[in-house]
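Chain and residue survey
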Amino acid sequence: MEDINSRLLKIEERIKVAAKRSGRELSEVKLLPISKYHSLDKMRIVLDKGYLEFGESRVQELMEKNEKFSSEVEWHMIGHLQRNKVKYLARMPRCKLIHSVDSLRLAKEINKRAKQEERIMNILVQVNTAQDDNKFGIYTKEAIEMVKKISGFENVKVKGLMTIAPYSDNPEEVRPYFRKLRELAEKIEAEKIDGVEMKELSMGMSNDLEVAIEEGATILRVGSAIFGEREYN
Ligand SMILES: *Cc1c(COP(=O)(O)O)cnc(C)c1O
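As the structure is a prediction and not an experimental result, all values here were calculated from the model.

1. Description of the overall build of the protein
Each helix and strand counted, the protein has nine helices and eight strands in total. Relative to the 2.2 N^0.38 estimate, which gives 17 Å for 233 residues, the radius of gyration of the protein is 17 Å and therefore close to what a compact globule would have. Considering the protein as a whole, with its 233 residues, one finds that 50% of them fall into the buried category. Pairs at least 24 residues apart make up 61% of the contacts formed inside the protein by residues separated by at least 6 positions. Of the roughly 11,700 Å² of accessible surface on the protein, 46% is carried by carbon and sulfur atoms. Across the protein, the mean location of the 42 positive side-chain charges is 4 Å away from that of the 40 negative side-chain charges.

So this is what it looks like as structure tokens:
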């Protein structure tokens with residue numbers, strides 16, 4: 001398990017260097033370990049290093065792990081979310097942020113379930129900045145309208161935007177997608193929509209985190225570069 005510690009140190013160092021280079025405070029950039037398909041033992045190593053929030057992409061796995069961890073751990077849902085699973089997240093007080101809200105119908109369901117649980121649920125709107133038909137997320141040009149509509153839901157709070165850039169070996173190739181997300185957030189901010197904050201930009205993964213930081217990322221989603229290969233079984 002030495003591996004995880006040293007990998008984590010490496011990532012932390014890369015974040016430090018990139019934040020410094022782009023004139024940003026380290027505290028503005030959160031490393032979110034993505035623990036999907038990784039064991040509880042591996043997660044405990046990361047937890048012991050002070051990481052109290054994890055990202056998961058499947059509701060079932062998130063719920064199972066939530067049972068196993070102490071009350072200090074909080075969860076981020078980062079994967080495509082089906083409406084029939086929303087109720088489980090709403091019942092989970094430690095579900096901190098849903099990154100993957102990609103339709104008004106989904107936001108509406110989150111609002112409904114959050115209301116039943118008498119809580120507010122924090123969300124990010126997932127934007128398909130690459131306009132790739134095979135990807136989830138709304139198109140950039142639809143985003144402002146959707147955020148405006150969601151702002152009418154009492155039990156849902158929009159905290160920012162999320163994007164998944166297309167994979168590329170060359171991080172410079174994904175810069176336009178990150179930039180597009182930041183510019184969109186600025187545009188939405190300028191609209192001053194009631195109750196809407198553009199505080200979080202969830203973008204950047206292990207191979208492009210430097211570019212993401214330069215473009216304003218506040219949450220970096222890093223999985224295998226910390227935990228190693230995923231264990232599918
Ligand atoms: C799995 C996943 C990640 C992390 O991917 P790794 O290859 O494990 O680093 C980041 N974002 C999303 C949306 C994911 O589903």
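2. Some points on the UniProt feature "domain: Alanine racemase N-terminal" (unreviewed entry) in the protein
Listed under "domain: Alanine racemase N-terminal" (unreviewed entry) in the UniProt record, and renumbered for this structure, are residues 11-230. Taken as a whole, residues 11-230 contains 39% helix and 18% strand, while its terminal C-alpha atoms sit 18 Å from one another.

3. Here we look at the packing of aromatic side chains
All chains considered together, the criterion is met by three aromatic pairs. Relative to Trp75, the ring of Phe54 lies with its centre 6.2 Å away and its plane at 40°, an arrangement referred to as tilted. Of this pair, Phe54 sits in strand 2 (residues 53-56) while Trp75 sits in strand 3 (residues 74-77), and the two are 21 residues apart along the sequence. Per residue, the accessibility class of Phe54 equals that of Trp75, and both read buried. Of the aromatic side chains, those joined through ring pairs into one cluster are Phe54, Phe69 and Trp75.

4. Examining the UniProt feature "modified residue: N6-(pyridoxal phosphate)lysine" (unreviewed entry) in the protein
Taking the numbering used here, the UniProt-annotated feature "modified residue: N6-(pyridoxal phosphate)lysine" (unreviewed entry) corresponds to Lys36. As for its position among the elements, Lys36 is in the loop between strand 1 (30-33) and helix 2 (40-48). With residues near it in sequence (within four places) discarded, Lys36 still touches Gly55, Glu56, Ser57, Glu61, Lys65 and Arg230.

5. Brief notes about the environment of Asp208
Within the fold, Asp208 resides in the loop between strand 7 (200-202) and helix 8 (209-214). Of the residues examined, Asp208 reaches a relative accessible area of 7% and is grouped as buried. Considered as a pair, Asp208 and Val174 are 34 residues apart in the sequence and their alpha carbons are 7.7 Å apart. Other than its neighbours up to four places away in sequence, Asp208 contacts Pro171, Val174 and Phe178.

6. Description of helix 7 (residues 175-190)
Because each turn of an α-helix spans 3.6 residues, side chains separated by three or four positions in sequence point in the same direction. The end-to-end C-alpha distance of helix 7, which contains 16 residues, comes to 23 Å, matching closely the 22 Å that a straight helix rising 1.5 Å per residue would cover. Buried residues in helix 7 make contact with helix 6 (140-150), strand 6 (156-162), strand 7 and helix 8. One or two residues past the end of helix 7 sits Lys192, with phi positive at roughly 45°.

7. Thoughts on the nonpolar core
Counting 67 residues, the largest nonpolar core has Ile98 and Leu161 as its most contacted members. No other element matches the six residues that helix 1 (residues 2-21) contributes to this core. By size, the runner-up hydrophobic cluster in this structure holds seven residues, among which are Leu32, Ile34, Leu97 and Ile219.

Scoring rules and cut-offs
Residues numbered from 1 in each chain as written. Predicted model: local features only at pLDDT ≥ 70, side-chain atom pairs only at ≥ 80, totals over all residues. Heavy atoms only, no water. Helix = DSSP H or I, 4+ residues; strand = E, 2+ residues; numbered from the N terminus. Rg over C-alpha atoms; globule rule 2.2 N^0.38 Å. Buried < 20%, exposed > 50% of the residue type's maximum accessible area, 1.4 Å probe, protein only. Contact = heavy atoms within 4.5 Å. Areas by Shrake-Rupley, 256 points an atom, 1.4 Å probe, with all protein chains shown as cover. Lys, Arg positive; Asp, Glu negative; His and termini not counted. Charge placed at Lys NZ, Arg CZ, Asp CG, Glu CD. UniProt positions renumbered as here; feature names shortened; annotations may be inferred. Phe/Tyr/Trp six-rings, centres within 6.5 Å; stacked < 30°, edge-to-face > 60°. Expected span 1.5 Å × (residues − 1). Core = buried A, V, L, I, M, F, W, Y, C linked by side-chain atoms within 4.5 Å.

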